[in-house]
Structure formats: structure tokens, C-alpha cells
Amino acid sequence: MKANLRHCAQMMLALMVVMVSATVQADRKLLDQVVAVVNDDVILQSELEARINTITGRLRAQGTGLPPRDILEERVLEQLISESIQLQMADRAGMRISDNELNETLASIAQRNNMTLAQFEQQLVQEGVTYREAREQIRNEMITSRVQQRQVGNRVRVTDREVENYLAAMEGQGRSNAEYELVHILIEVNDFNDEEEVSAAREKVEQLREEIAEGRDFRSVAVAESDASNALDGGNMGWRAENQLPSLVADVVPDLETGTVSPVLRNSSGFHLVMVMDRRGGDKAQFIEQSKVRHILVRTSETVSEAQAEATIRDLYQQIDNGADFAVIAREHSDDPVSGSDGGNLGWVSPGQMVPEFEQAMMEADVGELKGPFRSQFGWHILQVQDRRQQDISSDVRESEARQAIYRRKFDTELQNWLREIRDEAFIEFKSGYGADSES
């Protein structure tokens, strides 16, 4: 009798183990069910949930309201699809991000936020994200950024004439060096020849503008409604200098009061709204210290050993120190053919122009002092700083910023087009309950 009871108990226990195991497996299967097939990749329910948690934590930390769950889920799934397509492109091209490069990026992010890595990790935990998840997400973002630079950057060209016209327009409009923190919403129009689509998009953006003007949070609207690639970041465009504003908003932003939504704007991508969250700075000259330098270089070669090169430069130094003419010695002995033919003259040199060893010696030298010998990757040098001056480089900076602004404006437009192209060309199959339950 006791043996039968023991046997029954064992059978019941075994049955319970099987049932628990089956339940766990069912839960795991449910958690990791495929929600979409993207070319040769799949997106799992667990990936979708993890990304939703990450974005939800970040938006809550920013104080940005969340859209309804179904809208957030749809937008995050589209983000994962776009990311999957780009990561597959990167994999085929052999693009990789090393652990060392990733660690440096994470340290840089922490530093920009005035945190140690440990504090950064703790902040992620508070937002509901593990450090491991954050590492992989940042790695993926770095890879997709490189894919975009390679694929889209090749489409963008900035001419000197465009820079000249840009600067002339800026000068004519009296633009300043003020900076603006911007947020943005795009309601996309795929075909402006489709009057019904254009009318629906215009009606939607005007409705959103009215809601924002009445107090609805701009960032929350961006998360829920914007078609721009930065929608899930609350439409954040970051800080933009006035001379780097996209042409679409360049005439609007300087006169827009902080916290006020712009009028509806239109370009080839669709209808836009923008808001200035903060502003800073203004006009100011930018000065750097330049040094007028001349030098003599002795290189090593197949016929000149390291020891011979060093001995030669030391002998030349001694000759000049004893009264020989620097320019004459440079013309006769320098292995830098360009400066050597001009008596060693390098002209006015700005910080960052020279290799570190040369720059250090240059900055340490007093005016008129003979400095060296010292070694760089090019060979052995002696140098002399003939003069120093404070130089206003505002015009050079303005030209560089203008070129960057034009490039960035063109890049943003091309990126939006390219993302739409690769989405249209990809094979995408949504599983039951997700997306359009169809293939594209």
C-alpha cells in the first residue's frame, strides 16, 4: 500500500514538473515569438519589448508624455525594421565596432553627461535598461551611423559657390552667432501630385500645431505623430548655430520665441513644425594665437641612418647657434623642399596644424629662440619662432560652419529619402497582430 502511494506521489510530482516545464516553455515561446521577418533577419517579441522599455525610460526621464501603447509599439517596430535593414547592409560590407571603440564611446557619453561610467550604468538601471543592453544598442547605433555616412554621404556634394551664396545671404540678413536648441515634427508626403494625400497631411499638421499651441507637449506629439527619423527622441535636433540652421527654418527660428510652435512649413519631404526650446550666445570675434615659424628638417633614409641624421641636425644647430644664417643653412641642408627653398619659412602656423612634437616645441619656444633638435615622424628638426600674433579667424570659422550647415541640410534630406528607399526595397513580413499583417 505504501509503495503504491509513493508511486502515485512520484507520478503526480513528475506530472507537475512536466506541466511547469510546458508552461515555462510556452511563456518563453510567447515572449520570443517572431513579430516580423526583415530580409534575412527576424525581429522577436523580446527585442520589441526591450526597445520599448528603453525608449519609455528615456522619455520618462525627459519628462516627455508617452503615446498610447499601440502607437508606440508600431513606431518602435518600424525603428527596429529600419535598423535591421541597415545592420544587414553593414554585415555584408564587413563593418564592425570593436569593444575598445565601444568602450571609448561609452566613456565619452558618460563624460558629456558629467558622470563616471559607474554613475552612467546606475542611470541606465533607473531608466529600466541594463548596461549590457545599452552597450549593444549603442554599438548598433554606431554601425548604422557608419552605414548612413557611407551610403548617404556619397550623395552629398557642397560647392564653393554654394558656400559663397550661403555666406552672402547670411550677411545680407544680418545673422548672428546665436545657437538654438530645436525640436521638430515632420508629417511626410510621399507624392505631392496626390491632392488627397497632401490635403490629409496638411490638415493633420495644422491640427497638431493647434494642439501644441493650446498646451500639448511638443515632444510627446513628435513621439506619437512625427514621421522624422528622430521622432522617438521627441523630435530632438540638438543645438544648432544660427548659421547652421536648415534652410527650411532659417528665416523662422531667429524670430521665434522660446517655447512657441512655428507656423506650418513645407518642403519636398512634407509639412513641418519646429520649436525653440532654448537659445544662447551671440556675435563675437574668435581669436587664436599664431606663430610665424621657420624650420630645418633632416630625414632618415636608406642611406642616412638615425644616428647620422641626429648628428647632422645637431651640427646644423651648432652652426646657427654660433652665428650662421638660418635661412642659408635651411636652403643648403633642409630635407623639406618647399620650406627649404624659402629659407625654412612655414609662415603663420595655427594651433593643431602641425604634428604634436613640432607643435609642443613651437609653443615652448620664445620669440627668436632656436629650439631643438627634436624628433617627429618626419625626421629631425630645429625651429625658430620669429613672431607671434592674435589672429581673428571668424571668417574662416564662418566659412567652415557654412559648409557644414549646407552639408548637414543636404544630408538630412537625402537620409530621409534613402531610409524610405531601403524600406520600400526590403522584404518585410509582419506576423499576426503586428504591422499590416502583410508582406512588402
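Residues numbered from 1 in each chain as written. Predicted model: local features only at pLDDT ≥ 70, side-chain atom pairs only at ≥ 80, totals over all residues. Heavy atoms only, no water.

Here's the deal with the pairing of strand β6 (residues 270-280)
Each regular strand carries side chains that alternate between the two faces of the sheet.
Then, number 1: Sheet topology note: the strand β3 (residues 179-188)/β6 ladder contains 10 bridges and is antiparallel. Residue pairing across strands places L186 opposite H272, the latter belonging to β6.
Then, number 2: Alignment of strand β5 (residues 265-267) against β6, held across three bridges, turns out to be antiparallel. In the sheet register, R266 faces β6, and the bridge partner there is F271.
Then, number 3: If you look at the hairpin formed by β5 and β6, you'll find two residues sitting between the two strands. (Pairing = 2+ DSSP bridges. Helix = DSSP H or I, 4+ residues; strand = E, 2+ residues; numbered from the N terminus.)

So, the environment of Q86
Then, number 1: Relative to the helices and strands, Q86 is located in helix α3 (residues 69-92).
Then, number 2: We classify Q86 as buried; its relative accessible area is 4%.
Then, number 3: Taking the C-alpha atoms as reference, Q86 lies 8.3 Å from I143; in sequence the two are 57 residues apart.
Then, number 4: Of the polar contacts made by the side chain of Q86, one reaches the side chain of S82; its length is 3.1 Å. (Buried < 20%, exposed > 50% of the residue type's maximum accessible area, 1.4 Å probe, protein only. Polar contact = N/O pair within 3.5 Å; in protein donor to acceptor, adjacent residues only side chain to side chain.)

Some words on the nonpolar core
Then, number 1: In terms of nonpolar packing, the biggest core is built from 43 residues, with V76, L77, I81 and W418 touching the most fellow members.
Then, number 2: Among the elements that make up this core, the one with the highest residue count is α3 (eight residues).
Then, number 3: When neighbours within four sequence positions are excluded, I81 is seen to be in contact with V38, I43, R423, I428 and F430.
Then, number 4: Of all hydrophobic cores here, the second largest spans 16 residues; its members include I187, V189, A222 and M275. (Core = buried A, V, L, I, M, F, W, Y, C linked by side-chain atoms within 4.5 Å. Contact = heavy atoms within 4.5 Å.)

Examining the pattern of salt bridges
Then, number 1: Within this structure, the stated rule accounts for 25 salt bridges.
Then, number 2: Close ionic contact of R96 with D91 constitutes a salt bridge, the shortest N to O distance being 3.5 Å.
Then, number 3: For D91, a relative accessible area of 49% puts it in the partly exposed group.
Then, number 4: E164 is paired through a salt bridge with R161; the nearest N and O atoms lie 3.7 Å apart. Placement of the pair is E164 and R161 together in helix α7 (residues 160-172), with a separation of three residues, close to one helical turn.
Then, number 5: One salt-bridge network, in which partners are shared between bridges, spans D99, R135, E136 and R139. (Salt bridge = Lys/Arg side-chain N within 4 Å of Asp/Glu carboxyl O.)

Structural notes on the side chain of R240
Then, number 1: Within the element layout of this structure, R240 appears in strand β4 (residues 236-241).
Then, number 2: With a relative accessible area of 5%, R240 lands in the buried category.
Then, number 3: One polar contact links the side chain of R240 to the main-chain carbonyl oxygen of M237, over a distance of 3.4 Å.
Then, number 4: Here R240 is in contact with A178, E179, Y180, L182, L245, P246, R408 and D412, once residues within four sequence places are set aside.

Observations regarding a negative patch on the surface
Then, number 1: Residues D191, D194, E195 and E196 make up a contiguous surface patch of negative charge.
Then, number 2: Turning to its location among the elements, D194 is positioned in the loop between β3 and α8 (195-213). (Patch = residues over 30% accessible without salt bridge, like charges linked within 9 Å, V, L, I, M, F, W, Y side chains within 5 Å. Areas by Shrake-Rupley, 256 points an atom, 1.4 Å probe, with all protein chains shown as cover. Lys, Arg positive; Asp, Glu negative; His and termini not counted. Charge placed at Lys NZ, Arg CZ, Asp CG, Glu CD.)

Thoughts on the packing of α3 against helix α9 (residues 218-225)
Then, number 1: The contact between α3 and α9 brings their axes to 8 Å, and the two run at 65 degrees. Residue-level contacts link I71, L72 and R75 of α3 to A222, V223, A224 and E225 of α9. (Axes fitted to C-alpha atoms, helices over the stretch in contact; angles between N-to-C directions.)

Some details on the packing of aromatic side chains
Then, number 1: In this structure the tally under the stated criterion is three aromatic pairs.
Then, number 2: Their ring planes at 65 degrees and their centres at 6.2 Å tell us that F192 and F271 sit as a pair that is edge-to-face. Placement of F192 in the loop between β3 and α8 and of F271 in strand β6 is noted, with a sequence separation of 79 residues between them.
Then, number 3: Classification of F271 as buried rests on a relative accessible area of 3%.
Then, number 4: Taking the centre distance of 5.9 Å and the plane angle of 25 degrees together, the rings of Y407 and F411 count as stacked. One end of the pair is Y407 and the other is F411, both in helix α15 (residues 394-425) and four residues apart, which spans about a single turn.
Then, number 5: Owing to a relative accessible area of 9%, F411 belongs among the buried residues under this scheme.
Then, number 6: Just above the ring of W348 sits the side chain of R389; from NZ or CZ to the centre is 4.0 Å. (Phe/Tyr/Trp six-rings, centres within 6.5 Å; stacked < 30°, edge-to-face > 60°. Lys NZ or Arg CZ within 6 Å of the ring centre and 35° of its normal.)

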